[in-house]
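A closer look at the structure
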Amino acid sequence: MHDRLANLLGAASLAVTDLALAGATRAAGVSASGAGALVVLAHAPGLGVTELGRRVGLTQSAAARMLDGLEASGLARRERGTGRGVQVRLTPAGEKAVGAMLTARGAPLAAALDGLDADERDLLAGLLGKLLTRLYAEIGDADVMCRLCDRACCTDGAVCPVGQAERDALGGGETAPAAP
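Everything numeric here is computed off the predicted structure, so don't read it as measured data.

Brief notes about the overall build of the protein chain
- The secondary structure content of the protein chain amounts to 9 helices and 2 strands.
- Dimensions of the protein chain, computed from C-alpha atoms along their principal axes, come out at roughly 50 × 40 × 40 Å.
- Put simply, the protein chain has 180 residues, and 32% of those count as buried.
- The contacts in the protein chain between residues at least 6 apart in sequence include a share of 49% that link residues at least 24 apart.
- Here the protein chain displays about 10,500 Å² of accessible surface, and carbon together with sulfur accounts for 59% of that area.
- Once the 18 positive and 20 negative side-chain charges of the protein chain are each reduced to a mean point, those two points are 9 Å apart.

Written out as structure tokens, the structure reads:
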């Protein structure tokens, strides 16, 4: 038996994802995984290719191919790390692309919320926080869940529910308006 609320959540989730990804990918001219990689690198510069791939849901070889494309576009670069390690960093063009992507990602999301009044927005924010906390218990990785987040926006005067769920799960439980 299908639950109507779950079905509505599924439809809304897909619509919101489609809108957010379309804006982000169009703004930087990259794939969805490329967009995720750029945002991840903006918050965690110097990741290795394997870890970057894990955070955007790619194997190491697929991440290397994606990174080849980002380098060819002038958005990211590989640098020598310690030993045989390689670190990935954004170029200045990549940093600029991240800003454009987050703006393009946020615009349709903000427009989708335009039909809600202030009380409805507050209620939805509380419900989404609770839902994200529950989803963290299922997924267990803030870096994966927040790979396309505008982290500064999420923590401006508030506590990120995903970051808080991760701190709680790791036993650090203090409430702090810090990004995951």
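And the narrative resumes.
So, the pairing of strand 2 (residues 86-90)
- In terms of strand pairing, strand 1 (residues 76-80) meets strand 2 through 5 bridges, oriented antiparallel. Bridge pairing links Glu79 to Gln87 in strand 2.
- Taking the residues between adjacent antiparallel strands as the criterion, strand 1 and strand 2 are bridged by 5 residues, where Gly83 takes a positive phi near 60 degrees.

A word on helix 5 (residues 92-113)
- Between its first and last C-alpha, helix 5 extends 32 Å over 22 residues, near the 32 Å set by a 1.5 Å rise per residue.
- Those residues of helix 5 lying buried are Gly94, Ala97, Val98, Met101, Leu102 and Arg105.
- Where helix 5 is buried, its residues contact helix 1 (4-28), helix 2 (32-43) and strand 2.

Here we look at a negative patch on the surface
- A cluster of acidic side chains, namely Asp117, Asp119, Glu120 and Asp122, defines a negative patch on the protein surface.
- Of note, Asp122 is situated in helix 6 (residues 118-139).
- Overall, the relative accessible area of 57% leaves Asp122 in the exposed class.

Brief notes about the side chain of Glu166
- Of note, Glu166 is situated in helix 9 (residues 161-169).
- There is no salt bridge for the buried Glu166, and the closest opposite charge comes from Arg167, which lies 7.1 Å off by N-O distance.
- Here Glu166 is in contact with Tyr136, Gly140, Asp141 and Ala142, once residues within four sequence places are set aside.

Some thoughts on the confidence of the model for the protein chain
- Across the protein chain, the average pLDDT comes to 89, with 94% of residues at or above 70.
- When the elements of the protein chain are averaged for pLDDT, helix 8 (residues 151-155) gives the smallest value, 81, and helix 4 (residues 60-72) the largest, 95.

The rules behind the values
Residues numbered from 1 in each chain as written. Predicted model: local features only at pLDDT ≥ 70, side-chain atom pairs only at ≥ 80, totals over all residues. Heavy atoms only, no water. Helix = DSSP H or I, 4+ residues; strand = E, 2+ residues; numbered from the N terminus. Buried < 20%, exposed > 50% of the residue type's maximum accessible area, 1.4 Å probe, protein only. Contact = heavy atoms within 4.5 Å. Areas by Shrake-Rupley, 256 points an atom, 1.4 Å probe, with all protein chains shown as cover. Lys, Arg positive; Asp, Glu negative; His and termini not counted. Charge placed at Lys NZ, Arg CZ, Asp CG, Glu CD. Pairing = 2+ DSSP bridges. Expected span 1.5 Å × (residues − 1). Patch = residues over 30% accessible without salt bridge, like charges linked within 9 Å, V, L, I, M, F, W, Y side chains within 5 Å. Salt bridge = Lys/Arg side-chain N within 4 Å of Asp/Glu carboxyl O. pLDDT = per-residue confidence, 0-100.

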